[in-house]
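Summary of the model geometry
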Amino acid sequence: MTAINKEKVYDQLRSYHVDAFPEVMSTDFMTTLRAEFATIEDAFVSMILGLVNGKTLFVDFTDKLTAFQKRIDDNASDRAETKDREQFTRKNKMLNEIMISARDYNFQLHRVRMAKAAKA
């Protein structure tokens, strides 16, 4: 069952990365938000991959994702930024769904094996 759950998380990550950001964002503010989102995204993906492989524990990113979404919604004034805001919202929602799935699958840490003594 764990292998099936791992594959489901990997599929969600693949579909998340298919929806890539454009090379150039609409405004400087969107470029700044993209850089901030990249740090959240990198930490999140690293945690998920470590979790699925049994190397790290689950870390709840709900607060960071909610705060970022609030920041996107609070500064919704420029019409040129509408497409970028929609993409940020979509990607934020996808990260949240991946996090909920990974939490529900309850991946366990692998036990650390002790090194065997060399035979003389």
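Everything that follows concerns the structure shown earlier in this document.
So, here's what we can say about the structure. If you're wondering where the values come from, they're calculated on a predicted model, not measured in any experiment.

Another aspect to go through is the packing of helix H2 (residues 28–52) against helix H4 (residues 82–105). At their nearest, the axes of H2 and H4 sit 11 Å apart, and the two run at 15° to each other. Here H4 runs roughly parallel to H2, going by the angle between their axes. Two packed elements cross with a definite hand, and for H2 against H4 that hand is left-handed. Where H2 abuts H4, its residues Phe-29, Met-30, Leu-33, Arg-34, Phe-37, Glu-41, Phe-44, Ile-48 and Leu-51 lie against Asp-84, Arg-85, Phe-88, Lys-91, Asn-92, Leu-95, Ile-98, Met-99 and Ala-102. Tallied by class, residues from the contact of H2 with H4 come to 12 nonpolar, one polar and five charged.

The biggest cluster of nonpolar side chains holds 26 residues, and the ones touching the most others in it are Phe-44, Ile-48 and Phe-88. Mapped by element, the contributors of at least two residues to this core are helix H1 (2–18), H2, helix H3 (62–74) and H4. The greatest single-element share of this core, amounting to 10 residues, is contributed by H2. Setting aside chain neighbours within four positions, we find Phe-88 in contact with Phe-21, Met-25, Met-30, Leu-33, Arg-34, Phe-37, Phe-68, Gln-69 and Ile-72.

Here H2 contains 25 residues, and its C-alpha end-to-end distance of 36 Å stays within 8% of the 36 Å for a straight helix at 1.5 Å per residue. Positive backbone phi, approximately 75°, marks Gly-54, located one or two places after H2.

Let us now look at H1. If you check H1, its first and last C-alpha atoms are 24 Å apart, about what 17 residues at 1.5 Å a residue would give, namely 24 Å. Asn-5, Val-9, Leu-13 and Tyr-16 are the residues of H1 that are buried. What you see down the axis of H1 is that its buried residues fit within an arc of 80°, all on one side. Exposed and oriented more than 90 degrees from the buried face of H1 are Ala-3 and Val-18. At its buried positions, H1 is contacted by H2 and H4.

We now examine the packing of aromatic side chains. Tallying each qualifying case throughout the model produces seven aromatic pairs. Plain terms: the ring middles of Phe-21 and Phe-37 are 6.0 Å apart, the flat faces sit at 80° to each other, and that makes the pair edge-to-face. Separated by 16 residues along the polypeptide, Phe-21 in the loop between H1 and H2 and Phe-37 in helix H2 bring together distant segments of the chain. Overall, Phe-21 belongs to the buried group, its relative accessible area being 12%. Given a relative accessible area of 0%, Phe-37 falls into the buried group. Plain terms: the ring middles of Phe-68 and Phe-88 are 5.5 Å apart, the flat faces sit at 65° to each other, and that makes the pair edge-to-face. Placement of the pair is Phe-68 in helix H3 and Phe-88 in helix H4, with a sequence separation of 20 residues.

Criteria and cut-off values
- Residues numbered from 1 in each chain as written.
- Predicted model: local features only at pLDDT ≥ 70, side-chain atom pairs only at ≥ 80, totals over all residues.
- Heavy atoms only, no water.
- Axes fitted to C-alpha atoms, helices over the stretch in contact; angles between N-to-C directions.
- Helix = DSSP H or I, 4+ residues; strand = E, 2+ residues; numbered from the N terminus.
- Parallel < 35°, antiparallel > 145°, perpendicular 65-115°, else oblique.
- Left-handed = near helix turned anticlockwise from the far one by under 90°.
- Contact = heavy atoms within 4.5 Å.
- Nonpolar A, V, L, I, M, F, W, Y, C, P; charged D, E, K, R; others polar.
- Core = buried A, V, L, I, M, F, W, Y, C linked by side-chain atoms within 4.5 Å.
- Buried < 20%, exposed > 50% of the residue type's maximum accessible area, 1.4 Å probe, protein only.
- Expected span 1.5 Å × (residues − 1).
- Arc of directions from axis to C-beta.
- Phe/Tyr/Trp six-rings, centres within 6.5 Å; stacked < 30°, edge-to-face > 60°.

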